[in-house]
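# A look at the structure
In case you want the letters, here they are:
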Amino acid sequence: MHPLAALLLFARVPCDWRAAPTGVPLHWGVLWVRGSGRIIQVADDPLVLGIETSCDETGVGLVRGNTLLADAIASSVDEHARFGGVVPEVASRAHLEAMVPTLDRACAESGLALSNVDAIAVTAGPGLMGALLVGVAAAKALALSLGKPLYGVNHLSAHVAVDQLEHGPLPERCVALLVSGGHSSLLLVDDVTAKVEPLGATIDDAAGEAFDKVARLLGLPFPGGPYIDSAAREGGAVTIDFPRGLTGSRDLERHRFDFSFSGLKTAVARWVETRQRDGETVPVADVAASFQEAVCDVLTRKAVDACRTSGAARLVIGGGVAANSRLRALAEERAGRHGITVRVPSPGLCTDNGAMVAALGSELVRRGRQPSAFDIAADSSMPITTVVA
Ligand code: KG4
Ligand code: ZN
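Quick caveat: nothing in here was measured; it's all calculated off a predicted structure. (Residues numbered from 1 in each chain as written. Chains lettered and ligands numbered in written order. Predicted model: local features only at pLDDT ≥ 70, side-chain atom pairs only at ≥ 80, totals over all residues. Heavy atoms only, no water.)

## A word on the sheet that holds strand 8 (residues 150–154)
This is how it is decided: DSSP-based pairing: two strands are paired if at least 2 bridges between them are found. Starting at the N terminus, helices and strands are each numbered in turn, a helix being any DSSP run of H or I of at least four residues and a strand any DSSP run of E of at least two. Here an axis means a line fitted to C-alpha atoms, over the contact stretch when the element is a helix, while the angle between two N-to-C directions is reported on a 0 to 180 degree scale. Residue contacts are defined here by distance: any two heavy atoms, one from each residue, within 4.5 Å place the two residues in contact.
The mixed open sheet is built from five strands, whose spatial order is 6-5-4-7-8. At either margin of the open sheet sits one strand with a lone partner, and together these are strand 6 (67–75) and strand 8. Recorded for the sheet is a direction-independent mean angle of 20 degrees between the axes of neighbouring strands. Where strand 5 (residues 57–64) meets strand 6, eight bridges bridge the pair, whose relative direction is antiparallel. Paired with Gly59 across the bridge in strand 6 is Ile73. Most of the contacts of helix 3 (residues 88–110) go to strand 6, to which it runs at about 150 degrees, and overall it touches strand 4 (47–52), strand 5 and strand 6. Across the sheet, helix 14 (residues 354–366) touches strand 4, strand 5, strand 6, strand 7 (119–125) and strand 8, and the angle it forms with strand 4 is around 135 degrees.

Written out as structure tokens, the structure is:
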């Protein structure tokens, strides 16, 4: 008997030795403490493999508990660069080519074999349909051949769950701000495996999309976010007062937690065009800094408002734009004023990766959530309220 189990018996803690009522098998070393609603690990956590292919990154992660063992990524971003955005068909083909080598790399990185895997998680949506299909088909093949459970998970919940790998278990209630090239959402997360509610989202462009489009206007490479971030840092001053979408009092009535970035993008385009028409040089660093400030101002203002309104003392920021240095600093500053703690994963875990899918899979297994059926479909517009397909 495991020493911790003996200790529990000695302390007369009522335990159900068979399995948790939610169905987590005993061989994963799980004890269900009756009445307390708690699960106690007494042995090794299961090893969960996570597969991500919703956009242009083929990601394979291996996670045990909250420990990251491998995070292998192959990106097709260079193949999309000349188009100024992700081309779905190019992304799907790149996933097909990268899937097996990326799986191999994850195994090599961790020193583990596929036969060691206890469960498989895969992004089932939202995302690009053809791209999602590659990951879902690979995950089904692995789950069937290894005889292990399959979890088809929501990409956005995975962006939230990944934070556990670095900062420990998520608090009971938190607000998540997810900002990337494909999404900009504010979520109320009471349980990342079961209860995720949308508070608001972009009504037009995603935040990352706005960064990418403005970068293009300024002659910076794709994806533009990191280039705008560094241009703004290198001596850029916030001198241009670009518009803050959906922040006027009338907009706030209907769109308190929603975002809009297309007006801002157009305002930057007009500003740049006017300078060019007048034969003036465009002050790239100043435009980058002023645009970035407008985006980060709105994102942090609404995120802090969402925390205060919902009584959440934690704000988790995820998605590629979470790597933005100004967003991180402003969020800390504004949230801190109201006693709200900001949790942001390190940049490599903010962008799309397999580790985030494995992290969510690991939490689903730990909480004994029901696996998916083997005939699940990829769902390009999977609603945020569905954590597992
Ligand atoms: O999460 P992600 O890797 O993929 C999805 O779009 O789902 O996010 C990519 C986006 C791109 O739009 C990129 O420009 C943006 O994240 N991004 C940034 C930064 N790093 C990446 N945006 C602003 N500042 C950054 N430092
Ligand atoms: Zn993403």
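## Quick word on the nonpolar core
Applicable threshold: We call a set of buried residues a nonpolar core when its members are Ala, Val, Leu, Ile, Met, Phe, Trp, Tyr or Cys and they connect through side-chain atoms within 4.5 Å of each other. Burial classification: accessible surface area is computed with a 1.4 Å probe over protein chains only, and a residue below 20% of its type maximum counts as buried, one above 50% as exposed, and the rest as partly exposed.
Of all hydrophobic cores here, the largest spans 49 residues; its most connected members are Leu177, Phe242, Phe291, Leu299, Leu315 and Ile317. Every element with two or more residues in this core is listed here: strand 9 (174–179), strand 10 (184–191), helix 7 (207–217), helix 8 (225–233), helix 10 (262–277), helix 11 (284–310), strand 12 (314–318) and helix 12 (325–336). Tallying contributions element by element places helix 11 first for this core, with 13 residues. Residues within four places of Phe291 in sequence aside, it is in contact with Ala210, Phe211, Val214, Ile228, Phe242, Leu264 and Val268. One finds Tyr151, Val153, Ala358 and Leu360 within the second-largest nonpolar core, a separate group that totals 32 residues.

## What about the site of ligand 1?
Inclusion rule: Here a residue is near a molecule or strand as soon as one of its heavy atoms is found within 4 Å of it. Polar contact criterion, stated in full: a pair of N or O atoms within 3.5 Å, where within protein one must be able to donate a hydrogen and the other to accept it, and residues adjacent in sequence count only if both atoms are side-chain atoms. Only the protein chains shown count as cover for residues, and the accessible areas themselves come from Shrake-Rupley with a 1.4 Å probe. Polar here means any residue outside two lists: the nonpolar Ala, Val, Leu, Ile, Met, Phe, Trp, Tyr, Cys and Pro, and the charged Asp, Glu, Lys and Arg; Gly therefore counts as polar.
Around ligand 1 sit 19 residues in total, of which Gly181, Asp212, Gly225, Asp229 and Gly320 are the nearest. Ser180 is positioned with one of its side-chain polar atoms (N or O) 3.3 Å from an oxygen atom of ligand 1. Protein coverage of the free-state accessible area of ligand 1, which is 560 Å², stands at 90%. When contributions to the shell around ligand 1 are tallied by element, the ones reaching two or more residues are helix 7 and helix 8. Considered class by class, the residues forming the shell around ligand 1 number five nonpolar, 10 polar and four charged.

## Focus on the packing of aromatic side chains
To keep it simple, the criterion reads: Stacked, tilted and edge-to-face are the three classes applied to pairs of Phe, Tyr and Trp rings, where Trp contributes its six-membered ring and a pair requires centres within 6.5 Å; stacked means planes under 30 degrees apart, edge-to-face means over 60, and tilted covers the rest.
Applying the stated criterion to the full structure yields two aromatic pairs. For the ring pair Phe211 and Phe291, a centre distance of 5.0 Å and an interplane angle of 75 degrees mean the geometry is edge-to-face. Taken together, the residues span a long stretch of sequence, with Phe211 in helix 7 and Phe291 in helix 11 at a distance of 80 residues. Between the aromatic rings of Phe259 and Phe261, the centroid separation amounts to 6.0 Å while the plane-to-plane angle is 15 degrees, which identifies the pairing as stacked.

## A closer look at the coordination of the zinc ion (ligand 2)
Think of it this way: four donors in a tetrahedron around the metal ideally sit 109.5 degrees apart, and six in an octahedron ideally sit 90 or 180 degrees apart. As a reminder of what qualifies: Here the coordinating atoms are restricted to nitrogen, oxygen and sulfur within 2.8 Å of the metal centre, or 3.2 Å for Na, K and Ca, and because water is not among them the sites may look incomplete.
His155 (NE2), His159 (NE2) and Asp352 (OD) make up the full set of protein donors to the zinc ion (ligand 2), lying at 2.1 to 2.2 Å. Along the chain, the residues donating to the zinc ion (ligand 2) are arranged with the sequence spacing H-x3-H-x192-D. Pair noted here: His155 is in helix 5 (residues 155–161) and Asp352 is in the loop between helix 13 (347–350) and helix 14, with a separation of 197 residues, a long-range link. For the pair shown, His155 and Asp352 are each scored as buried.

## Description of the packing of helix 7 against helix 10
Packed helix pairs are characterised by how far apart their axes lie and by the angle those axes make with each other. Selection rule: Throughout, the term roughly parallel applies to angles under 35 degrees, roughly antiparallel to angles over 145, roughly perpendicular to angles from 65 to 115, and oblique to all others.
Two elements in contact, helix 7 and helix 10, have axes separated by 10 Å at closest approach and are oriented at 5 degrees. Considering the angle they form, helix 7 stands roughly parallel to helix 10. In this structure, helix 7 uses Lys213, Val214 and Leu217 to contact helix 10, whose residues at the interface are Lys265, Val268, Ala269 and Val272.

## Here's the deal with the pairing of strand 9
With six of six residues buried, strand 9 lies mostly within the body of the structure. Burial along strand 9 is two-sided: the residues Cys174, Ala176 and Leu178 and Val175, Leu177 and Val179 are all buried. Of the pairings in the sheet, the one linking strand 9 to strand 10 comprises six bridges and is antiparallel in character. When the sheet's bridge partners are listed, Cys174 is paired in strand 10 with Val189. As defined by bridge partners, strand 9 adjoins strand 12 across four bridges and the pair is classed as parallel. Following the sheet pairing, Leu177 is matched in strand 12 by Ile317.

## Some points on helix 10
To be explicit about the condition: In a helix, the anticipated span is given by 1.5 Å times the number of residues less one.
Taking 1.5 Å per residue, 16 residues should reach 22 Å; helix 10 reaches 22 Å between its end C-alpha atoms and fits that length. Residues of helix 10 that are buried in the fold lie against helix 7 and helix 11.

## Section: the pattern of salt bridges
Selection rule: Each salt bridge in this description consists of a side-chain nitrogen of Lys or Arg and a carboxyl oxygen of Asp or Glu lying within 4 Å of one another.
Counting across every chain of the model gives 22 salt bridges. Taking the shortest distance from any N to any O, the salt bridge between Asp191 and Arg367 comes out at 3.5 Å. Remark: Arg367 occurs in the segment after helix 14 and Asp191 occurs in strand 10; sequence separation between them is 176 residues. Arg366 is the partner of Glu363 in a salt bridge, and the nearest nitrogen-oxygen pair spans 3.0 Å. One end of the pair, Glu363, and the other, Arg366, are both in helix 14, three residues apart, so they sit about a helical turn from each other. Of the residues examined, Glu363 reaches a relative accessible area of 3% and is grouped as buried. For Arg366, a relative accessible area of 29% puts it in the partly exposed group. Taken together, the shared-partner salt bridges in this structure form one network comprising Asp191, Glu363, Arg366, Arg367 and Arg369.

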